[in-house]
Amino acid sequence: MEGEFVVKKLLFVLSLLMTFVIMSTVPHVQAMDEIPSEVKLFKNVNIFDGKSDKLLMGYDVLVVRNLIKKIARDIPTSATYDVDVTIGGEKKVQVLSGYDSNTYTIYVKDGEAKTEKKQVKVNVIDCGSRTLMPGLIEGHGHLQMNGVSLADIENNRNWEELAVRSAAKAKMALMSGFTTWRDMGGMSAGLKKSIDAGVVDGPRIYPSGAFIGPTGSHADFRNFTTPNETVYGCNSAGSRLGMTFTADSTDMIKVGARQNFMQGATQIKIMSSGGVASAFDPWQLDAYSAEEIRAAVEVAEAYGSYVASHAYSKKSILRCLNNGVKTIEHGFMFDGDIAKLMKKKDAYMTTNIHAFSPYLGEIEAIKSSPASARKAESAQAAFKNYIENVKKYQPKFGFQADCVGGIDSCKKQTDHEIYLSAKLLGNFYTLKSITSVNGEIVALSGDVLNPYFEGPLGVVEEGAYADILLVDGNPLEDITVIGGSEKWFDASPRDGIDTIRIIMKDGKIYKNSL
Ligand SMILES: [Zn+2]
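Residues numbered from 1 in each chain as written. Predicted model: local features only at pLDDT ≥ 70, side-chain atom pairs only at ≥ 80, totals over all residues. Heavy atoms only, no water.

Visitor: I'd like a description of the environment of Ser 436, backed by residues and values.
Guide: Among the structural elements, Ser 436 can be located in helix H15 (residues 427–443). For Ser 436 and Leu 136, which are 300 residues apart along the polypeptide, the C-alpha to C-alpha distance reads 9.1 Å. Here Ser 436 is in contact with Gly 50, Lys 51, Gly 458 and Val 459, once residues within four sequence places are set aside. (Helix = DSSP H or I, 4+ residues; strand = E, 2+ residues; numbered from the N terminus. Contact = heavy atoms within 4.5 Å.)

See below:
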């Protein structure tokens, strides 16, 4: 009943929906209660649009409400703009389900279109030929996982501490320039809801919910003697907190995937191979069978979404791709066969390039565990052709820093990831991966579940979300202007990134140091 009321209320709001036409540009749908008191004009910028390896020199960018409205040279800076407001037409809108963690997208018919004039102020921001670029998108991170290792989270953190730390981490991510975050497991739907409601500051989040993996896999955080969860039920803190879901059969995998979607996931994350920083699984482990992978894919596709899979070994990567997985996470054994199949399946890969850092052994989870250290060593040797193969085959590659840990360690890890990716794969490839490619990846969550459907993310173009950074210098030539750092663990602590002068998300300015 309450759900029905919510829908009716939204339909009432929709009856007031209006379309802005500024200076004869393309119309844009707008709710009446959100008419901006002013529009924002970035004057005199060079644009990295997320896709091109050349800056567009000497442009202006107009933002109306939360979208990029117009990109042109010499947009007038007069004090007020006449805005044509159109009421009516068919609208694509998001509604809440009965349980408000979830949202769904629907089309609503709204009568005949009528147009009237409104006046709004223009706020001119003189950018002095700085670079304007899309807000950064983390392609694979873990906001709720706040511990030095999986065992630390399992043994030492309760929900309260995790919640407080994850809120602070989300704010840090936004203030480091990340306006969108694909969370690849370990809760975050509640955090997303709180950020969207304006309770705390943070990026847009695409939650995956609990990692789904079999007993003894990279998703199994239990202590050595904790009874098996498939047989004895929910025993570990990881599963009680909703971070992990142990599933040893196709039926259980479907339960896990459905449970995640019920709780607000936008895609599903499975662990189809072993990993390095976990206790029981060799990285070579071929954890899920073809049938098991297909079970997760079947549920995700029923929601119009997709499955992302943690996969290191070639066998596991190929099996994932052949059974419908859309994004390969890590994918260290990437080669020509995988490249060919990825192309055929229109699939993506995100990889944490810091796996190739000379400082990798300093990660606490590796340093504190001789078994993980040995795994890391053998993995680095086995993955030696990765960089060369990526350069050769140029797959659709998304940036990821894969940070598990506290605020300070995640800042350092992300800064180093940006630097190393640019050094090994090039500035443009890295910048594309952290903007437009990750924008394409998050949109794989589909027309129904994608919570941010008003425009594309990760690009600067008319109609895109106004998620914008203004930076000193040109990141295509100098990756340090968006935070890239050669140092990792011995980097100095930092607050924000001084060369990022403006951070805008959804049309709202969170930082302006001009
Ligand atoms: Zn991860």
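Visitor: Let's hear about the packing of aromatic side chains: which residues, and what values?
Guide: Inspection of the entire model under this criterion finds 13 aromatic pairs. With centroids separated by 5.9 Å and ring planes inclined at 85°, the aromatic side chains of Phe 332 and Phe 356 adopt a geometry described as edge-to-face. Placement of the pair is Phe 332 in the loop between strand S15 (327–330) and helix H10 (336–345) and Phe 356 in the loop between strand S16 (348–351) and helix H11 (364–367), with a sequence separation of 24 residues. Ring centres of Phe 356 and Tyr 386 lie 5.4 Å apart, and the angle between their planes is 20°; this geometry places the pair in the stacked category. Of the two residues, Phe 356 sits in the loop between S16 and H11 while Tyr 386 sits in helix H13 (residues 386–393), which places them 30 residues apart along the sequence. Taken together through their ring pairs, the aromatic side chains of Tyr 312, Phe 332, Phe 334, Phe 356, Phe 383, Tyr 386 and Tyr 393 make up a single cluster. Looking at Arg 204, its charged tip hangs above the ring of Tyr 465, at a distance of 4.0 Å from the centre. (Phe/Tyr/Trp six-rings, centres within 6.5 Å; stacked < 30°, edge-to-face > 60°. Lys NZ or Arg CZ within 6 Å of the ring centre and 35° of its normal.)

Visitor: Residues and numbers for unusual backbone geometry, please.
Guide: Positive phi outside glycine occurs at Ser 129, with the angle close to 60°. With respect to the secondary-structure elements, Ser 129 resides in strand S7 (residues 103–134). Overall, the relative accessible area of 40% leaves Ser 129 in the partly exposed class. (Buried < 20%, exposed > 50% of the residue type's maximum accessible area, 1.4 Å probe, protein only.)

Visitor: Account for the coordination of the zinc ion, naming residues and giving values.
Guide: For the zinc ion, the full set of protein donor atoms is His 140 (NE2), His 142 (NE2) and Asp 402 (OD), at a range of 2.1 to 2.2 Å. Between the donor residues of the zinc ion, the gaps in sequence give the motif H-x1-H-x259-D. Of the two residues, His 140 is situated in strand S8 (residues 136–141) and Asp 402 in the loop between strand S17 (397–399) and helix H14 (407–425); the sequence distance between them amounts to 262 residues. Residues His 140 and Asp 402 agree in their burial class; the two are buried. (Donors = N, O, S within 2.8 Å, 3.2 Å for Na, K, Ca; no water.)

Visitor: Describe the nonpolar core, listing the residues and the values that go with them.
Guide: Counting residues in hydrophobic clusters, the biggest one holds 54 residues, and the most contacted among them are Ile 212 and Tyr 386. Considering every element that reaches this core, the biggest residue donor is helix H8 (residues 290–302), with six residues. Not counting residues within four places of it along the chain, the set of residues in contact with Ile 212 comprises Ala 219, Phe 245, Ala 247, Ile 253, Gly 256, Ala 257, Asn 260, Ile 268, Lys 269, Ile 270, Met 271 and Tyr 288. Counting residues in each nonpolar core, the second largest holds 30 residues, with Leu 55, Met 133, Trp 181 and Ile 500 among its members. (Core = buried A, V, L, I, M, F, W, Y, C linked by side-chain atoms within 4.5 Å.)

Visitor: Got a sec to walk through H14? Specific residues and values, please.
Guide: Look at H14: 26 Å from first C-alpha to last across 19 residues, which is about the 27 Å you get at 1.5 Å a residue. Following H14 by one or two positions, Gly 426 has its phi on the positive side, about 100°. (Expected span 1.5 Å × (residues − 1).)

Visitor: Account for the state of the cysteines, with residues named and values stated.
Guide: Tallying each qualifying case throughout the model produces one disulfide. Between Cys 403 and Cys 410 runs a disulfide, and the two sulfur atoms are separated by 2.1 Å. Disulfide Cys 403-Cys 410: the torsion about the S-S bond is -95°, which places it as left-handed. (Disulfide = S-S within 2.5 Å.)

Visitor: If you had to explain the sheet that holds strand S9 (residues 178–183) to someone new, which residues and values would you point to?
Guide: Ordered in space as S8-S9-S10, the three strands form an open sheet in which the pairing is parallel. Edge positions in the sheet fall to S8 and strand S10 (204–206), since each has one partner strand and no second. Between one strand axis and the next, the sheet turns through 20° on average, direction left out of account. Two strands pair when backbone bridges link them, and S9 and S10 are joined in this way by three bridges, in the parallel orientation. Each residue of the ladder has a partner; that of Thr 180, found in S10, is Arg 204. Docked against the sheet, H15 engages S8, S9 and S10, running at close to 55° with respect to S8. (Pairing = 2+ DSSP bridges. Axes fitted to C-alpha atoms, helices over the stretch in contact; angles between N-to-C directions.)

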